[in-house]
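Each chain is listed here by its residues.
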Amino acid sequence: MDEVVARSLAKWPNVPAVYGWLELDRRGNWLIKGSRIGNAALREFIARNYDADEHGRWYFQNGPQRVYVKLAYTPFVAHYEGQALVDHCGRPFAPVLAFQDDEGSVLLQGERAVALLDDRDLERYADRADELLPIRRAEVEARFGFVSDPQK
C-alpha cells in the first residue's frame, strides 16, 4: 500500500466504501463505469493498492476509501511477457496448479489467489490440456474464496 494511502486511512478511518464503480475485465484491464482506464499512472496506483478483505471481496484502497472491484472472472489475470508469467498488476505470477473450466478458460492457482490466463496466451497450454485439472466455472469462486460481485 502506498504511504499516502496509509496516512489518509489513519486520518479518515470511516469513509464509506464504493461499489459498482471499478471493474476488472477478463484481460486484466481496469474499467471505470465500463470505460477502460488509459492513464498508466492511475492503473499502476490501483495495482499497488489492490487487496482483498476478510470476505474475499477485492478492492482498491483509494486514499481513505475502499473501492470494491467487480471481477469479470477471477481476482487476477495472468499473461506472458516473453517467457515470464505476470499478473495484471505487473508482478511475477508462479502457478502451483492449472485448471481448465467447462468453458475452455485456463485458471492458474498461485500462492495468494487464482488468476485467469489471458485468452491471448491460451496456445501455450494447447498441448498440455491433458495436464489441466477440470473445474466447473460455477465452482471457481467458492473453491478459491473470492467474490466476483461485491454488491451481491
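Our structure's up above, just so we're on the same page.
Below: a short report on this structure. (Residues numbered from 1 in each chain as written. Predicted model: local features only at pLDDT ≥ 70, side-chain atom pairs only at ≥ 80, totals over all residues. Heavy atoms only, no water.)

**A word on helix α2 (residues 40-48)**
By the burial criterion, the buried members of α2 are F45, I46 and A47. Between the side-chain oxygen at the start of α2 and the backbone nitrogen of A41 there is a gap of 3.0 Å, and the oxygen is on N39. (Buried < 20%, exposed > 50% of the residue type's maximum accessible area, 1.4 Å probe, protein only. Helix = DSSP H or I, 4+ residues; strand = E, 2+ residues; numbered from the N terminus. Polar contact = N/O pair within 3.5 Å; in protein donor to acceptor, adjacent residues only side chain to side chain.)

**Describing the layout of surface pockets**
Its boundaries defined by the atoms lining it, the largest pocket holds a volume of some 300 Å³. Residue lining of the largest pocket: 17 residues in total, with G28, R43, H79, H88 and C89 positioned closest to the centre. Of all elements in the fold, only α2 and β7 (76-81) reach the threshold of two or more residues within the lining of the largest pocket. A breakdown of the residues in the lining of the second largest pocket according to their chemical character gives five nonpolar, one polar and four charged. (1 Å grid on protein atoms, 1.4 Å probe; cavity = no way out; pocket = protein on both sides within 12 Å on 5 of 7 lines; lining within 4 Å. Points joined across faces, edges and corners; volume = space filled by probe spheres on them. Nonpolar A, V, L, I, M, F, W, Y, C, P; charged D, E, K, R; others polar.)

**Some points on the sheet that holds strand β6 (residues 65-71)**
Read across the sheet, six strands follow the order β3-β2-β1-β6-β5-β4 without closing on themselves; strand pairing throughout is mixed. In this open sheet, the two edge strands, each paired with only one partner strand, are β3 (35-36) and β4 (50-52). Judged from the three bridges that link them, strand β1 (residues 18-24) and strand β2 (residues 30-32) form a sheet pairing that is antiparallel. Note that in β2 the partner of E23 across the bridge is L31. Here α2 sits on the sheet and contacts β1, β2, β4 and β5 (58-62); the angle it forms with β2, its principal contact strand, is near 105°. (Pairing = 2+ DSSP bridges. Contact = heavy atoms within 4.5 Å. Axes fitted to C-alpha atoms, helices over the stretch in contact; angles between N-to-C directions.)

**Quick word on the pattern of salt bridges**
If the charged atoms of two oppositely charged side chains come close together, the side chains can form a pair. According to the stated counting rule, one finds nine salt bridges in the structure shown. Here D87 ties to R91 by a salt bridge, and the two come within 3.5 Å at their closest N and O atoms. Residue D87 is classed as buried on the basis of its relative accessible area, which comes to 4%. (Salt bridge = Lys/Arg side-chain N within 4 Å of Asp/Glu carboxyl O.)

**Focus: unusual backbone geometry**
Notably, K33 is not glycine yet its phi reads approximately 50°, a positive angle. Relative to the assigned elements, K33 resides in the loop between β2 and β3. By relative accessible area, K33 is classed as exposed at 63%.

**Comments concerning the packing of aromatic side chains**
Tallying each qualifying case throughout the model produces eight aromatic pairs. With a centroid separation of 4.9 Å and an interplanar angle of 5°, the aromatic rings of Y19 and Y68 are classed as stacked. Of this pair, Y19 sits in strand β1 while Y68 sits in strand β6, and the two are 49 residues apart along the sequence. Judged by relative accessible area, Y68 falls into the buried class, the value being 4%. Arranged with centres 5.0 Å apart and planes meeting at 35°, the rings of Y50 and W58 form a pair that is tilted. This pair shows no difference in class: Y50 is buried, exactly as W58 is. Here the aromatic cluster, defined as three or more aromatic residues joined through ring pairs, consists of W30, Y50, W58 and F76. For R66, the ring lying beneath its charged end belongs to Y59, and the centroid distance is 4.0 Å. In this structure, R137 is placed above the aromatic ring of Y73, and the distance from its NZ or CZ to the ring centre is 3.9 Å. (Phe/Tyr/Trp six-rings, centres within 6.5 Å; stacked < 30°, edge-to-face > 60°. Lys NZ or Arg CZ within 6 Å of the ring centre and 35° of its normal.)

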